[in-house]
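Inside the fold
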Amino acid sequence: MDNLIINGQRKLKGEVNISAAKNSVLPIIAASLLATEEVTIINAPMLDDVFTLCNVIEELGFNISINKLCNTIKIKEGSSLKICPNEDLVRKMRASFLIMGPMLSKYGEFRLTRPGGCNIGNRPIDLHLKGLKTLGAEITIDKNGGIIAKAKRLIGERIYLDFPSVGATENLMMAAVLAKGTTIIENAAQEPEIVDLGNFLNALGGKVYGQGTRKITIDGVESLKGGKYSPIYDRIEAGTFMIAAAITGSTIRINGVNEDYCRPLIEKLKECGVEFVFLNNGYSAIVNGKSRLRAVDIKTMPYPGFPTDMQSQMMSLLCLVNGSSIITETVFENRFMNVDELIRMGAHIKVVGRTAFVEGVDKLLGCKVQATDLRAGAALVLASLAAEGTSIVTDVFHIDRGYVNIENKLKGIGADIRRIAV
Ligand code: UD1
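Residues numbered from 1 in each chain as written. Predicted model: local features only at pLDDT ≥ 70, side-chain atom pairs only at ≥ 80, totals over all residues. Heavy atoms only, no water.

Next up on the list: the site of the ligand. Asp-126, Leu-127, Ser-165, Asp-309 and Val-331 are the nearest of the 17 residues found near the ligand. Note that an oxygen atom of the ligand is positioned 3.0 Å from one of the side-chain N or O atoms of Asn-23. Between the ligand and the protein, one listed contact pairs an oxygen atom with a side-chain N or O atom of Ser-165 at 2.6 Å. When the free accessible area of the ligand is taken as 740 Å², the share hidden by the protein chains comes to 87%. Listed by contribution, the elements that provide at least two residues to the shell around the ligand are helix 5 (126-134) and helix 6 (166-176). A breakdown of the residues in the shell around the ligand according to their chemical character gives seven nonpolar, five polar and five charged. (Near = heavy atom within 4 Å. Polar contact = N/O pair within 3.5 Å; in protein donor to acceptor, adjacent residues only side chain to side chain. Areas by Shrake-Rupley, 256 points an atom, 1.4 Å probe, with all protein chains shown as cover. Helix = DSSP H or I, 4+ residues; strand = E, 2+ residues; numbered from the N terminus. Nonpolar A, V, L, I, M, F, W, Y, C, P; charged D, E, K, R; others polar.)

Shown next, in the form of structure tokens:
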């Protein structure tokens, strides 16, 4: 296990390049199971979660080749396939559930242990299963909570999601693309990663319309071919670096930003007093956090609301601004695990249910803090960059699930940060 050692209060400067989005690449890898020919993912982020999902499908019998130098992943159907992925791998990562839709649609069957993942809430998969049943799947749950699903051929139907779940929308899109007839997903998630998945499926010959709106229509096709695809940039990684500039009172340039996709965060940061200049049609952002920043209230919501995946990082910033902020987390019920660690650093935060009241303080003090999940870990790195003295962030494996080389990217813009194995 690794720790990050950070000497805080260094000004950041220079440029950082954002990697492709973890949350786009994972469903795209899962959707590659649907193709009859080889799929090449270009500019893929070399992340632990990506490797875990590749291991899951390799173990099923797919041929996977990962080129870490060129950031490419090639996926091709093997000759003999299993329908039951390795339990230990599935338990490691919640996104393993993304193979349900493709496996059922293409192979008519799958068996899955209940997936694991970040401990940020209860995270049921009832919406996935209800939607798959609507498409004609027979689903049974065994005595250990494992899922057994079967279907001869899925049949297109109208599905209404009670909540615009990202994963359920993705699973159902992937299930419906090879189903007989037309599927309509209403109250669908509208996240940019959903748009990316729809575009990827269409690049392979799928007929997906309306991705990015509340109503997605999918006309089923007989098969999907192979192809090359480059996923979108990671709006959460870009947002984390925007906050790195803001929290250290620095100016940096971030390349690989989609201005529109980052808008919910950008608008809040502007309200705080952070200045932005966009270049190259919004692909690069110069972020200036030099003015004294102000408190803002945030409430997480499905896209285009404020992203739950940026809530923890934003909390670190709000610990150090003028005034009091209210943070309301509506998406996951257990996403304040970084609070005790921030309090250890000198933050003033009180949590009541799903609301955190943050009173800005003049400074945080470096100390030993534990990354409890992916985004909470990133939030502690940000707090440490601004804190007086040295911080040690432990359990960095959480951060490695979703950030490519976080310490090298931060070092490249002037942070005093190093990784040690413990
Ligand atoms: C995805 C992202 C995650 C992000 C989240 C919300 C990936 C790999 N992960 O997770 O980083 O934080 O979207 O933007 O893309 N829910 C149910 N029943 C279901 C499914 C979900 O009640 O069947 C609830 C969840 O418990 C949660 C909420 O819906 O409270 C949002 O979950 P969902 O949108 O499904 O998130 P994920 O796809 O797991």
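So, on to the environment of Arg-335. Examined against the element boundaries, Arg-335 turns out to sit in the loop between strand 18 (324-328) and helix 11 (339-344). Under the relative-accessibility criterion, Arg-335 is labelled buried at 4%. Among the polar contacts made by the side chain of Arg-335, one reaches the side chain of Thr-308 at a distance of 2.8 Å. (Buried < 20%, exposed > 50% of the residue type's maximum accessible area, 1.4 Å probe, protein only.)

This part takes up the nonpolar core. In this structure, Ile-29, Ile-57, Ile-73, Ile-99, Met-100, Met-173 and Leu-201 are the most contacted members of the largest nonpolar core, which totals 75 residues. It is helix 2 (residues 48-60) that provides the largest number of residues to this core, a total of seven residues. Residue contacts for Ile-57: discarding those within four places in its chain leaves Ile-29, Leu-33, Phe-62, Ile-64, Ile-75 and Ile-99. (Core = buried A, V, L, I, M, F, W, Y, C linked by side-chain atoms within 4.5 Å. Contact = heavy atoms within 4.5 Å.)

Next up on the list: the side chain of Ser-325. Considering the arrangement of structural elements, one finds Ser-325 in strand 18. Side-chain polar atoms of Ser-325 contact the backbone oxygen of Val-296, separated by 3.1 Å. If we ignore the near neighbours within four places in the chain, the residues touching Ser-325 are Ala-295, Val-296, Asp-297, Leu-318, Ala-356, Phe-357 and Val-358.

Turning to the pattern of salt bridges, a few remarks are in order. Applying the stated criterion across every chain yields a total of 24 salt bridges. Residue Asp-49 pairs with Arg-401 through a salt bridge whose shortest N-O separation is 2.8 Å. Of this pair, Asp-49 sits in helix 2 while Arg-401 sits in the loop between helix 13 (397-400) and helix 14 (406-412); the two residues are 352 residues apart in sequence, bridging distant segments of the chain. Among the residues examined, Arg-401 registers a relative accessible area of 14% and is labelled buried. Across the pair Glu-193 and Arg-235 runs a salt bridge, and its minimum N-O distance is 2.9 Å. You can see Glu-193 sitting in helix 7 (residues 192-203) and its partner Arg-235 sitting in helix 8 (residues 235-247), a full 42 residues away along the chain. You can call Glu-193 buried: its relative accessible area is 5%. (Salt bridge = Lys/Arg side-chain N within 4 Å of Asp/Glu carboxyl O.)

In this section: unusual backbone geometry. Note the cis peptide between Tyr-303 and Pro-304, where omega equals 10°. At Asn-281, a position not held by glycine, the phi torsion is positive, near 55°. Counting through the fold element by element, Asn-281 comes out in the loop between strand 15 (275-279) and strand 16 (284-288). The exposure class of Asn-281 is exposed, given its relative accessible area of 84%. Even without being glycine, Asn-405 reaches a positive phi, approximately 45°. Mapping Asn-405 onto the fold places it in the loop between helix 13 and helix 14. Assessed through its relative accessible area of 43%, Asn-405 is described here as partly exposed.

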